[in-house]
Amino acid sequence: MSMKKLLCLMLLSSSLSAFSVNEHVLTVSPKKIGAPIPSTLYGIFFEDINFAADGGLYGELVKNRSFEFPDHFMGWNIFGNVKLNSDGPFDKNPHYVRLGYSGHNDKHSGLENEGYFGIGYNKNNLYRFSVWARVPEGGSATLHVMFCDPNNRNGNQQIAETDVVVEGKEWKKYSVEIRATRTVDKGSLRVVLRKESNVVDLEHISLFPVDTWKGHENGMRKDLAQALADLHPGVFRFPGGCIVEGTDLATRYQWKNSVGPVENRPLNENRWHYTFENRFFPDYFQSYGLGFFEYFQLCEEIGASPLPVVSVGLACQFQNHSEEAHQPIGELQPYIDDVLDLIEFANGNPDKNRWAKLRADMGHPAPFNLKYVAIGNEQWGQTYIDHLKPFVEQVRKKYPNIKIVGTAGPNSEGADFEFLWPEMRKIGADLVDEHFYRPESWFLQSGNRYDNYDRKGPKVFAGEYACHGKGKGWNHFEAALMEAAFLTGVERNADVVEMATYAPLFAHVDGWQWRPDMIWYDNLRSYKTCSWWIQSLFSNNKGTNVISCILDNNKPAAGNNGQDGLFASSVIDKVTKSVIVKIVNTNDSKQTIKLNVNGYLKNKIKAVVTTFQSDSLDGENTLDEPNKYVPVTTQQEFPSNSFTISVPAKSFVMYELKQQ
Ligand code: AHR
C-alpha cells in the first residue's frame, strides 16, 4: 500500500472513530421478551443503625421509657423526691420510678425526658402521652404533664400542658392527647407531681405523635414510613445487618423478645453505640418497640415481601475470632427453633401454634405470607457452612416452600466470596446475599457484573450496596449516578438477580455512625438523597419483563467503564403497554444516541422523558434544601420508532415509550 493510501485510510478511520465517540446506537427489541422482572427486584434493607429505629422510624419520642438502660436515669433529668424501684408490673422490664413529696412545698418532684437529640414538636399537632401508674397507698395523685422547650432560657419553656389524675393502688394505663402550641425541634417532656398529691409510681412513660403512619398507636413516624412506601419496594430485609449477629451471642437480635406487649419487650444493647470510637453513642439501645410484628405489618402496608434475617449461631465474626464465641454446632437447636417458630409466627394457624396465636392476639389473624428467610448476615468460612447446614435441613423438611437466603460474606470478591458461592450451591441456598460498599471505580466496572453469572445456581441478592465515593459530600449526586450504572446491570440480569437493596437506609443527622445513607432526618424534617431518587426511578419503573438491549452491537456495559461511559437497560411493561429505556451517561460529555425500538411500537410514539442531573457532582439534598436535586419529567413525541436523543453529561435519563 502506498504511503498516500495509508495516510488516507488512517485519516478516514480516525475521523470515523471521532464520530463514533459521540454517536451511539441503542437498539431495544420489545418483541424479544426476556425474563420476568421479579416483584422483589428493588427493595429496602432496614437496620437499627444511625438511630434508625428508636429515634427514627419508630414513633416513640421518649428515650429509656421503662428505666431499663444500665444507667436507669439515662435520658432523664430528675428533681425532688424520685426513687427507682424494681418490682414493677412487667417482669422483663421491672424498673419504675416513685415520685413523692420533696419535703418542701415549693420544691417540685418530677422528671424530664430529653428524647432522642431532643423531642420534636410541631405546632398544632396532637401527641399521645401515656403512662402506667398507681398510687401505692391508695387515693389519687395528680401529674402535671408538660411539653417544654428547655433551650428557651429567657422565656416560658412550657409549650403545652395537661393534668393526669392517677387513682387507686392497681397499676393502670393512663393516656391523654395534648396539642403542641409551638414548633420546637429539641424539646423535652416534663412530668411533675402536683403539690399535695400522694406518692405515685410511674412506669413506661411514653409519647407518640397521634398522626403516625396508618394511625397505629405503637406506630411509625409518618414522613419516614411514607418515604419507604414511595419506593414501592418489592422486598424488605430486616432487622440487620450486624445487629442480628450481636457482638456476642447474648446481644444478638432475638425476635421473640420483640413481640407481644411493648411494655414487656426487654431492652437490648445496640452494637452501633460503641462500634466507632469517634462516633460514640452511649445512649443507643434497642427498645424493640419496633419489633417483628411491626416489621411484618409495615411490609404488608407497603407491599413488600418480608425478608427477616436470623442468627445462625455465630456472633459477629469481625469482632470474634475464636470458635468459643459461637454456639457449638451440636447445641444449635434453640436457634433453629427460633427460625421454625418465626415461620409459624408469620404464616401459621393461630388455632394450632402458639406463635401464630400471638400474631392473632396482636391483631393480625391472617398470615403475613412470609416466603424468604435469611440465615446469617455477613458470615464466612467453613464454620458458617457447618452452622448453616442443620438450619437448612430442618427448614427444608418442615417448610419446603420457604426460600433460604445464604451469604457470600462481607465482600464482593476475594477468597471468602470465592469459597462461599460454590458452598451455597452445594447446600442448596435459594439466594446468595452479596454486599458491596465500594468506590466509583468499582461501580463503573460492575455494570456487567452479572452478565456471566451461572444461571443454574442460586439467585443473587445484592443485599447491601452503596457507592462510597470520594466526592465532597457523602450522598452526593455522582455516587448515586454510579449506583444507577450498576442497577442497569441488575435490571438486564433480572433472570439471575432477584433482589437489590441499598444500605444503610436511615440516618439521624445528630446520631449517625455510618454514611452514606439513603434517607436523612432530624426530629422534624427529613429528606431523600439522590440515591433514594435513583432507587425510586428503577423501582417505580421496573416493568414486567426484560427486553433485549444492544448498544453499538454489544451488550451495554461491555467495556470496563460502560461503553464510552454509557450504561443502559430496557424493560417492557405488558400492563401499561410501554417500553422503558434507562440510560446512564457517566461521561463528561453529552452523548448523542440513535434509539431504535425494534417492533412492538410502530411510528408515532409518545414519550415521558425523565432526566436526573446536577449542576455539581458533589451536589446533594439537605434538610434545608430537600428538593434541590430531583428528577425532571417532560413529554415528547417522535414520528417514528427510530429517533435520535441527546443524553446530558453525567446524567440518568429514562424514556417511557408508548404508542400514540
Ligand atoms: O450497613 C451497615 C453494616 O454493613 C451492616 O450492619 C453489615 O451487614 C455491613 O457490614
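Treat the numbers as computed from the prediction; the structure is a model and nothing was measured. (Residues numbered from 1 in each chain as written. Predicted model: local features only at pLDDT ≥ 70, side-chain atom pairs only at ≥ 80, totals over all residues. Heavy atoms only, no water.)

### Concerning the pattern of salt bridges
(1) Moving on: Enumeration over the complete set of coordinates arrives at 35 salt bridges.
(2) Moving on: For K63, the salt bridge goes to E114, with nearest N and O atoms at 2.8 Å. In this pair, K63 is assigned in the loop between strand 2 (42-45) and strand 3 (76-79) and E114 in the loop between strand 6 (110-113) and strand 7 (119-121), connecting sequence segments 51 residues apart.
(3) Moving on: Judged by its relative accessible area of 1%, K63 falls in the buried class.
(4) Moving on: Judged by relative accessible area, which is 40%, E114 ranks as partly exposed. (Salt bridge = Lys/Arg side-chain N within 4 Å of Asp/Glu carboxyl O. Helix = DSSP H or I, 4+ residues; strand = E, 2+ residues; numbered from the N terminus. Buried < 20%, exposed > 50% of the residue type's maximum accessible area, 1.4 Å probe, protein only.)

### Re helix 4 (residues 292-302)
(1) Moving on: Counting buried residues along helix 4, 9 of its 11 residues qualify, which places the element largely inside the surrounding structure.
(2) Moving on: Within helix 4, the full set of buried residues consists of F292, F293, E294, Y295, F296, Q297, L298, C299 and I302.
(3) Moving on: Buried residues along helix 4 sit in contact with strand 2, helix 2 (222-229), strand 14 (235-238), strand 17 (305-310), helix 5 (333-347) and helix 6 (354-361).
(4) Moving on: The first or second residue beyond helix 4 is G303, which carries a positive phi of 75°. (Contact = heavy atoms within 4.5 Å.)

### Focus: the packing of helix 5 against helix 7 (residues 381-398)
(1) Moving on: Where helix 5 contacts helix 7, the axes come no closer than 10 Å and their chain directions differ by 35°. The crossing of helix 5 and helix 7 is right-handed. Here Q333, Y335, I336, V339, L340 and I343 of helix 5 lie close against helix 7, whose contacting residues are P390, F391, Q394 and V395.
(2) Moving on: Its residues assigned to classes, the contact of helix 5 with helix 7 comprises 8 nonpolar, 2 polar and no charged. (Axes fitted to C-alpha atoms, helices over the stretch in contact; angles between N-to-C directions. Left-handed = near helix turned anticlockwise from the far one by under 90°. Nonpolar A, V, L, I, M, F, W, Y, C, P; charged D, E, K, R; others polar.)

### Structural notes on the packing of aromatic side chains
(1) Moving on: Applying the stated criterion to the full structure yields 53 aromatic pairs.
(2) Moving on: Ring plane angle 75° and centroid distance 5.8 Å describe the contact between F293 and F368, whose orientation is recorded as edge-to-face. With F293 in helix 4 and F368 in the loop between helix 6 and strand 18 (372-375), this pair connects stretches of sequence that are 75 residues apart. Note on accessibility: F293 and F368 belong to one class, buried. (Phe/Tyr/Trp six-rings, centres within 6.5 Å; stacked < 30°, edge-to-face > 60°.)

### A word on the site of the ligand
(1) Moving on: Taken together, the neighbourhood of the ligand is formed by E47, G241, C242, W272, N377, E378, H435, Y437, E464, P504 and W514.
(2) Moving on: The side chain of Y437 places a nitrogen or oxygen atom 2.7 Å from an oxygen atom of the ligand.
(3) Moving on: Residue classes in the shell around the ligand are distributed as 5 nonpolar, 3 polar and 3 charged. (Near = heavy atom within 4 Å. Polar contact = N/O pair within 3.5 Å; in protein donor to acceptor, adjacent residues only side chain to side chain.)

### A look at the environment of I534
(1) Moving on: Mapped onto the elements, I534 comes out in helix 11 (residues 530-539).
(2) Moving on: Given the relative accessible area of 1%, I534 is considered buried.
(3) Moving on: The sequence separation of I534 and F612 amounts to 78 residues, and the corresponding C-alpha distance is 8.5 Å.
(4) Moving on: Apart from the residues within four sequence positions on either side, I534 is in contact with A480, A484, L487, F612 and F652.

### Details of the nonpolar core
(1) Moving on: In this structure, F46, L57, L228, F236, Y450, F506 and F652 are the most contacted members of the largest nonpolar core, which totals 130 residues.
(2) Moving on: The contacts of L57, once residues within four sequence positions are left out, are F46, A52, G219, M220, R221, L224, A225, L228, L290, L298 and F506. (Core = buried A, V, L, I, M, F, W, Y, C linked by side-chain atoms within 4.5 Å.)

### Focus on unusual backbone geometry
(1) Moving on: That bond from A503 to P504 is cis: its omega, -20°, falls within 30 degrees of zero.
(2) Moving on: With respect to the helices and strands, the residue P504 is situated in the loop between strand 22 (497-502) and strand 23 (506-508).
(3) Moving on: Here the bond from R515 into P516 is cis, since omega is 5°, no more than 30 degrees from zero.
(4) Moving on: Position of P516 among the secondary structure elements: in the loop between strand 23 and strand 24 (519-521).
(5) Moving on: Unlike most non-glycine residues, F51 shows phi in positive territory, near 55°.
(6) Moving on: Here F51 shows up in the loop between strand 2 and strand 3.

### So, the packing of helix 10 (residues 477-492) against helix 11
(1) Moving on: Two numbers describe how helix 10 lies on helix 11: the axes approach to 8 Å, and their chain directions differ by 25°. Put simply, helix 10 runs roughly parallel to helix 11. Judged by the sense of rotation from one axis to the other, the crossing of helix 10 with helix 11 is right-handed. Contact residues: F477, A480, E483, A484, L487, T488 and E491 in helix 10; C530, S531, I534, Q535 and F538 in helix 11.
(2) Moving on: Among the residues making up the contact of helix 10 with helix 11, the classes are represented as 7 nonpolar, 3 polar and 2 charged. (Parallel < 35°, antiparallel > 145°, perpendicular 65-115°, else oblique.)

### Remarks on the environment of V235
(1) Moving on: Residue position: V235 is located in strand 14.
(2) Moving on: Residue class for V235 comes out buried when judged on its relative accessible area of 0%.
(3) Moving on: Along the primary structure V235 and L224 are separated by 11 residues, whereas in three dimensions their C-alpha atoms are 17 Å apart.
(4) Moving on: Setting aside residues no more than four positions away along its own chain, V235 makes contact with T40, Y42, G43, I44, A304, S305, L307, M499 and T501.

### Regarding the domain arrangement of the protein
(1) Moving on: By domain assignment, the protein separates into domain 1 (21-37 + 545-659), domain 2 (42-59 + 215-247 + 275-325 + 368-539) and domain 3 (76-209).
(2) Moving on: With centres defined by C-alpha atoms, the gap from domain 1 to domain 2 works out at 27 Å.
(3) Moving on: Between domain 1 and domain 2 the total buried area reaches about 3,100 Å² when both faces are included, carbon and sulfur atoms providing 67% of it.
(4) Moving on: Sorting the residues of domain 1 by area buried against domain 2 places F612, D618 and L623 first, and these three jointly supply 20% of that buried surface.
(5) Moving on: On inspection of domain 1 and its partner domain 2, the count reaches 3 salt bridges.
(6) Moving on: K650 is the salt-bridge partner of E478, the closest N and O atoms lying 3.5 Å from each other.
(7) Moving on: Here domain 1 is connected to domain 2 by 11 residue pairs in polar contact (both at pLDDT 80 or more).
(8) Moving on: Mapped onto the side of domain 1 that touches domain 2, the elements with two or more residues apiece are strand 1 (23-36), strand 27 (566-573), strand 28 (578-585), strand 30 (605-612) and strand 33 (651-659).
(9) Moving on: By residue class, the composition of the side of domain 1 that touches domain 2 is 20 nonpolar, 16 polar and 6 charged. (Domains from an automatic or database assignment. Buried area = accessible area lost by both parts, 1.4 Å probe.)

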